[in-house]
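# Observations on chain architecture
As a plain string of letters, each chain reads:
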Amino acid sequence: PAIAHFCCFAFTLLLMSFDPALGEYHLINSFPDGLSREMVTVELHPKHDRLEIENEYIEEEWARRKALNTFLFNGSKFRLSSLRFDESSKILHIGMGMTDYKYFVLKSVECSLPCSR
């Protein structure tokens, strides 16, 4: 399945999808003038939170990194869960949830971890 991403470069918003099978990004839509507040909705809801999983690797690696850096600590962090642009209403719908710093940092190390619902 494709994963939606958004990027903002010099006030231009680009909606892109990533196809992991092909390893390619595809442009979905471009907004050279950005979007007004009326054109964006944000839903912050637990259904967009990361999945709670037990993973020995995460706990072991986090303990190792904390031992190397005594200033390292875990904390809450927002996560982008979904993006959907409604062509008919011209509204960008953003789904946001919560994660934590530990998982955010370490999930990039082990790509096989489930990261969304």
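Everything discussed here concerns the structure shown above.
To keep things clear, this report deals only with the structure shown in the data block. (Residues numbered from 1 in each chain as written. Predicted model: local features only at pLDDT ≥ 70, side-chain atom pairs only at ≥ 80, totals over all residues. Heavy atoms only, no water.)

### A word on the environment of Val 42
- Looking at where Val 42 falls in the secondary structure, it is placed in strand E4 (residues 40-44).
- Distance from Val 42 to Met 96, taken between C-alpha atoms, is 7.0 Å for residues 54 residues apart in sequence.
- The residues contacting Val 42, other than those within four sequence positions of it, are Ile 94 and Met 96. (Helix = DSSP H or I, 4+ residues; strand = E, 2+ residues; numbered from the N terminus. Contact = heavy atoms within 4.5 Å.)

### Focus: the environment of Ile 58
- Turning to its location among the elements, Ile 58 is positioned in helix H1 (residues 56-68).
- On a C-alpha basis, the gap between Ile 58 and Tyr 103 in space is 7.4 Å, while along the polypeptide they are 45 residues apart.

### Some remarks on the sheet that holds strand E6 (residues 91-100)
- If you trace the 3 strands from one edge of the open sheet to the other, you get E4-E6-E5, paired in mixed fashion. The sheet is open, and its two edges are formed by E4 and strand E5 (76-86), each paired on a single side. Across the sheet, the axes of successive neighbouring strands diverge by a mean angle of 25°, strand direction being ignored.
- Across 5 bridges, the pairing between E4 and E6 is parallel. (Pairing = 2+ DSSP bridges. Axes fitted to C-alpha atoms, helices over the stretch in contact; angles between N-to-C directions.)

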